[in-house]
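Chains, contacts and geometry: an overview
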Amino acid sequence: MDESLKLENFMLWATSLGISDSPVQNPFNNNNNPQTSSCLGQSLSISHFPNAGGRGLCAVGDLQKGELILKVPKSALMTSQTLMLNDHKLSISVSKFPFSSTQILTVALLNEVSKGKRSWWYPYLTQFPSNYDILASFDQFEIQALQLDDAIWAAQRALEKTKSEWESATAVMEELMFKPHYMSFKAWIWASASISSRTMHIPWDSAGCFCPVGDLFNYAASDDEQVFSKDLPEADVATKSPRLTDGVFEEEFDAYCFYARRSYKKGEQVLLSYGTYTNLELLEHYGFILDNNPNDKAYIPLPSDIYSLCSWPIDSLYIHQNGKPSFALLAVMRLWAVPTHLQKSVRHVAYSGSIISNENEIVVMKWLANECNRVLKSLLTSVEEDELLLSVMDKDFGSVMEVKNELLGLTGESRMFLKVNGLLKVEVGDDVALHRKIIRLMGKWKLAVWWRLKYKMMLHDCVSYCSRVINDLS
């Protein structure tokens, strides 16, 4: 079926369920028959944003911050509960095993997908991506391409966790007589990635819910601003609990409600904040990173004796996206750089965020700069090499041989990519399908290179920041 026809069928299906971007308008007429109009068009419309997430939702007209822009009834939410409601066999089989809520939803989703057009959810399921780029889907080459130990460990943990959950669910999938395709680890990764990247929080199921139409919003980095509905009476604003996210299930409406996180002009993409994430966390859970993520962080190895001086959580000792050390990192480094017998007398100064002395600040900045440089030099590629590699990946290749020749002459890593994917023997005249395969295979590798480059840039910017402070104080 043509993609545009699938989308059209989905929108008609969504409209029939009462999903609406015009909450004051009843999507059903008096005869209880769905109107022919789409569930979108009053506040939002589907559009394509090539450089900002691909398909997403844009503002039909000007929208005000806090305005209710989409409502998805509870009956339209896909949860493990709704999937088992009309599938007695699934419900009985799942109940026999000590599964986590996420495992239950994963099995239920695969079971539903296996029904094909027989599934009531079929129009919605056709809108799911065919593959995802979350960390658990990375192969060993792609994992190693991350280069930083913390990222490699995160990817390995994600892969091992997903594999363990799949193995423990094999028995129930056999009992449900899944076809081999739906029992495969590849299918499990797809289903668990769908849950990780597409579900939204609901109070009655920790696995979350799939929210048709609501999951078309692309991500915006959280700025932790409180968002209120413009429809709230002024007297209620002071007592109403603030929303720190712009999508929430509201008992009052028995629906998932979405609010404009800021004011939008007509034609602008309307974005949704999933929460505050670093680029590594976005990659792990959603399969993408942001080129400019204000919540990104870089960590460097610190002296072991520094942790006994720290009154903050260890994960608060980081370098900001702009290269500046965090408040906690600066405070504890300043105290650490003071002779042990004098630390007690200046602890209050350090913990207030103040400079202890120019000499102390210079010591701290030199240490941070040297450590950042040491980490950068220990990695297999430099910032410049990563930038060159990404520029090659971004080229519009005309043939398989062009891709092969560009990568062969670049780095040892690019040659290894060709080797592990069996592409070293590619010859002139190989078909277009192989060309597409190479471009697809480069997807996760490109994400890994892009992630590590952003990380290295934070360290590089920290060195620059430290140098400026030293020059100012010298």
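Now for a description of the structure that goes with this document. (Residues numbered from 1 in each chain as written. Predicted model: local features only at pLDDT ≥ 70, side-chain atom pairs only at ≥ 80, totals over all residues. Heavy atoms only, no water.)

Remarks on the pattern of salt bridges
Scanning all chains against the criterion turns up 17 salt bridges. In this structure, Asp133 and Lys444 form a salt bridge, with 3.7 Å as the shortest nitrogen-oxygen distance. Placement of the pair is Asp133 in the loop between helix 5 (122-125) and helix 6 (140-144) and Lys444 in helix 18 (residues 432-473), with a sequence separation of 311 residues. The class of Asp133 is partly exposed, set by a relative accessible area of 24%. (Salt bridge = Lys/Arg side-chain N within 4 Å of Asp/Glu carboxyl O. Helix = DSSP H or I, 4+ residues; strand = E, 2+ residues; numbered from the N terminus. Buried < 20%, exposed > 50% of the residue type's maximum accessible area, 1.4 Å probe, protein only.)

Let's talk about the layout of surface pockets
If a probe as big as a water molecule is rolled over the atoms, it shows which places are left empty. Volume-wise, the second largest pocket comes out at about 820 Å³. Taken together, 24 residues form the lining of the second largest pocket, with Ser130, Asn131, Tyr132, Lys186 and Lys444 sitting closest to its centre. Among the elements of the structure, helix 4 (101-113), helix 8 (180-183), helix 9 (185-198) and helix 18 are those that each provide at least two residues to the lining of the second largest pocket. Counting residues per element, the lining of the second largest pocket draws most heavily on helix 9, at 5 residues. Per-class residue counts for the lining of the second largest pocket are 12 nonpolar, 6 polar and 6 charged. (1 Å grid on protein atoms, 1.4 Å probe; cavity = no way out; pocket = protein on both sides within 12 Å on 5 of 7 lines; lining within 4 Å. Points joined across faces, edges and corners; volume = space filled by probe spheres on them. Nonpolar A, V, L, I, M, F, W, Y, C, P; charged D, E, K, R; others polar.)

Looking at the packing of helix 4 against helix 9
The relative placement of two packed helices is expressed as an angle between their axes plus a distance between the axes. Where helix 4 meets helix 9, the closest approach of the two axes is 9 Å, and the angle between their N-to-C directions is 115 degrees. Relative to helix 9, helix 4 is oriented so that their crossing is right-handed. Facing helix 4, whose interface residues are Thr102, Gln103, Leu105, Thr106, Val107, Leu109, Leu110 and Val113, helix 9 presents Ala187, Trp188, Trp190, Ala191, Ser192, Ser194 and Ile195. (Axes fitted to C-alpha atoms, helices over the stretch in contact; angles between N-to-C directions. Left-handed = near helix turned anticlockwise from the far one by under 90°. Contact = heavy atoms within 4.5 Å.)

Describing the nonpolar core
Judged by nonpolar contacts, the single largest core of 137 residues is most densely connected at Val107, Leu146, Tyr256, Phe258 and Trp445. Counting residues per element, this core draws most heavily on helix 18, which supplies 17 residues. When sequence neighbours within four positions are dropped, the list of residues in contact with Trp445 reads Phe141, Glu142, Ala145, Leu389, Met393, Leu407, Glu413, Ser414 and Phe417. Counting 6 residues, the second largest nonpolar core, distinct from the first, contains Tyr219, Leu282, Tyr286 and Leu290. (Core = buried A, V, L, I, M, F, W, Y, C linked by side-chain atoms within 4.5 Å.)

Some words on the sheet that holds strand 9 (residues 269-272)
Across the sheet, which stays open at both edges, the 4 strands sit in the order 1-2-9-6 with mixed pairing between neighbours. If you trace the sheet from one side to the other, it starts and ends with strand 1 (44-49) and strand 6 (218-219), each paired once. (Pairing = 2+ DSSP bridges.)

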